[in-house]
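# Descriptive analysis of the structure
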Amino acid sequence: MKVLVTGGLGYIGSHTVVELIANNYEVVIIDNLSNSEIFILDNIEKITGVRPIFYNINLLDSQGLEEVFNSHKIDGIIHFAAFKSVSESVKNPFKYYNNNLNSLMNVLNFMNNKNIKNIVFSSSCTVYGQPDKLPVSEAEPFKKATNPYAKTKQISEGMLEDFINFNDRVRGISLRYFNPVGAHDSALIGELPKGIPDNLVPYITQTAVGIREELSVFGKDYNTHDGTAIRDYIHVEDLAKAHLKAFNFLNDSEDKNNYEFFNVGTGIGYSVLDVINSFENINNLKLNFFFKDRRDGDIEEIYSDVKKSKKVLKWKSERSLDDMMSSAWRWQKNLANF
Ligand code: UFG
């Protein structure tokens, strides 16, 4: 089977491509390298022994897409490509609405015209906002989105659902990721932020390697066991496997016209200090960190209810926080070689 992976050289995309190849899928990648590097393609080949077909195309370029779809019989799509910085989305909402929504529109339009049946979409737990109940299950309604990035994920899920209701040949799944961290065991692919990282774990590894002077811990007065905010960190390799399960679920699905959405997390909440402790202990390092004020727009606590993905997708996370922290650190150290 041939799978089109948009954003396939990105952080989660590249790990999923490796999983797909390991499971004998033929992969076609579209990625415009806006937040990825071409050496990731070489490293996917080093890991798998297969060089996926690659197109450097912007998903807003309909003509470019037409060429790809005319050259390959695509059986299904895993759509990762999107901008994902919360802070940038606040500064430049137009960029986020234009890219994230129009690229999904284009993908759906091609699915419609080229008779492609299956799509897995990258969503985020950000669609829940700060939920009333924890762990948060898929049954919880969306709260008001606190930034344009989050709104694009809410709107995209709605767009996908409406499209599937309209086109009864199509099936789709939104995967609501919690906080993906860590890197492939080979240390050949991992998270590759451009500029100053927004997210906790790349900031930690860059501080440990000396690229950043110090780590700021945003907020120590949350109502949590140590005063720092709580998230559900998930190993990126576990997350990649969830895509395989979701894609296979669509392929095997008897129900011809079906939209589903699943949480993809571990079900465990860790605080910022828990993450720092794990990083320091497993890697035998000391981090230079200081407490700062809360970061604007941050929620206090979120972690997933994973019953639905366990039951329906037969997927559950396997890797520990220590695993996430040791693989992230090996990747950071190895980056100097690329
Ligand atoms: N944090 C720090 N210092 C840093 C960076 C982060 O203390 O330098 C803290 C944050 O305040 C937060 C926690 O670490 O409490 C996790 O922050 P991240 O930025 O790594 O992750 P977020 O939970 O804020 O964001 C993630 C994704 C978003 C998504 C969001 C949904 O990156 O794409 O989850 O909740 F929208």
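Structure: above.
Residues numbered from 1 in each chain as written. Predicted model: local features only at pLDDT ≥ 70, side-chain atom pairs only at ≥ 80, totals over all residues. Heavy atoms only, no water.

## Brief notes about the overall build of the protein chain
Just so we agree on the cut-off: Numbered from the N terminus, helices here are DSSP runs of H or I no shorter than four residues, and strands are runs of E no shorter than two. Every radius of gyration here is taken over C-alpha atoms, with the globule rule written as 2.2 Å times N^0.38, N being the number of residues. Note on contacts: a residue pair is in contact if any heavy atoms of the two residues lie within 4.5 Å. The Shrake-Rupley method, run with a 1.4 Å probe, gives the accessible areas here. Residue values count only the displayed protein chains as cover. Here the positive residues are Lys and Arg and the negative ones are Asp and Glu; neither His nor the chain ends is included. Taken as the charge centre is NZ of Lys, CZ of Arg, CG of Asp or CD of Glu, depending on the residue.
Helices and strands together make up the secondary structure of the protein chain, namely 11 helices and 13 strands. Its C-alpha radius of gyration of 19 Å places the protein chain within 12% of the 20 Å reference for a compact globule of 338 residues. Each principal axis of the C-alpha distribution contributes one length, and for the protein chain these read about 55 × 45 × 40 Å. Within the protein chain, contacts between residues separated by at least 24 positions form 80% of all contacts whose residues are at least 6 apart in sequence. Total accessible area on the protein chain is roughly 14,700 Å²; 48% of this is exposed by carbon and sulfur atoms. Separation of charge centres in the protein chain, based on 37 positive and 43 negative side chains, amounts to 2 Å.

## Focus on the environment of N179
Among the secondary structure elements, N179 is positioned in strand β7 (residues 179–181). For N179, the contacting residues outside a window of four places in its chain are R231, D232, Y233 and I234.

## A look at the site of the ligand
Put simply, the rule is: Here a residue is considered near a molecule or strand provided that any single heavy atom belonging to it is located within 4 Å of it. In the analysis that follows, any N or O atom pair within 3.5 Å is treated as a polar contact, provided that within protein one partner can donate a hydrogen and the other can accept it, and provided that, for residues neighboring in sequence, both atoms belong to side chains. Three residue categories are used. Nonpolar comprises Ala, Val, Leu, Ile, Met, Phe, Trp, Tyr, Cys and Pro, charged comprises Asp, Glu, Lys and Arg, and polar comprises the others, including Gly.
Taken together, 21 residues form the shell around the ligand, and within it N199, L200, S216, R231 and D298 come nearest. A distance of 2.7 Å separates an oxygen atom of the ligand from a polar atom in the side chain of N199. Within the backbone of S216, a nitrogen or oxygen atom sits 2.6 Å from a nitrogen atom of the ligand. For the ligand, the protein covers 90% of the area, taking 680 Å² as the surface of the free molecule. Secondary-structure elements contributing two or more residues to the shell around the ligand are α7 (200–209) and β8 (215–218). A total of 4 residues in the shell around the ligand trace back to one element, the largest contributor, which is β8. Each residue belonging to the shell around the ligand can be placed in one class, and the counts come to 11 nonpolar, 5 polar and 5 charged.

## Comments concerning the nonpolar core
Where we set the bar: Within this scheme, the nonpolar core is defined by two criteria: the residues are buried Ala, Val, Leu, Ile, Met, Phe, Trp, Tyr or Cys, and they are joined through side-chain atoms within 4.5 Å. Each residue gets one of three labels from its accessible area relative to the maximum for its type: buried under 20%, exposed over 50%, partly exposed in between, using a 1.4 Å probe on protein chains only.
Judged by nonpolar contacts, the single largest core of 56 residues is most densely connected at I44 and L175. Among the elements that take part in this core, helix α8 (residues 236–252) stands out by supplying 7 residues, more than any other. Ignoring any residue separated from it by four or fewer positions in sequence, one finds L175 in contact with V120, F121, S122, S123, S124, A242, H243, A246, F262, V264 and L313.

## Re the side chain of N263
By secondary structure assignment, the location of N263 is in strand β11 (residues 258–264). Among the polar contacts made by the side chain of N263, one reaches the main-chain carbonyl oxygen of D305 at a distance of 3.1 Å. In this structure, N263 is in contact with Y128, V136, S137, E138, R176, F178, S304, D305 and S309, ignoring residues within four places of it in sequence.

## Details of the pattern of salt bridges
Keep this limit in mind: The term salt bridge refers to a side-chain nitrogen of Lys or Arg lying within 4 Å of a carboxyl oxygen of Asp or Glu.
On inspection of all chains with the given rule, the structure shows 21 salt bridges. Salt bridges sharing partners connect three or more residues here, namely D185, E237, R319, D323 and R330.

## Thoughts on the sheet that holds strand β4 (residues 76–79)
Our working definition: Whether two strands pair depends on DSSP finding at least two bridges between them. Only the stretch in contact is used when fitting a helix axis, every axis being a line fitted to C-alpha atoms; angles between N-to-C directions are given from 0 to 180 degrees.
If you walk across this open sheet you meet the 7 strands as β3-β2-β1-β4-β5-β6-β11, and the pairing is parallel. Edge strands, defined here as strands with exactly one partner in the open sheet, are β3 (53–55) and β11. Direction aside, the axes of adjacent strands within the sheet are offset by 20 degrees on average. Looking at chain direction, β4 and strand β5 (residues 118–124) are connected through 4 bridges and run parallel. Its bridge partner being in β5, I77 is matched across the sheet by I119. Helix α1 (residues 11–22) contacts β1 (2–6), β2 (26–30), β4 and β6 (171–177) of the sheet and is inclined by roughly 160 degrees relative to β2. Along the sheet face, α8 touches β1, β4, β5, β6 and β11 and points at about 160 degrees away from the line of β6.

Without other data, these values stay purely geometric and don't point to any function.
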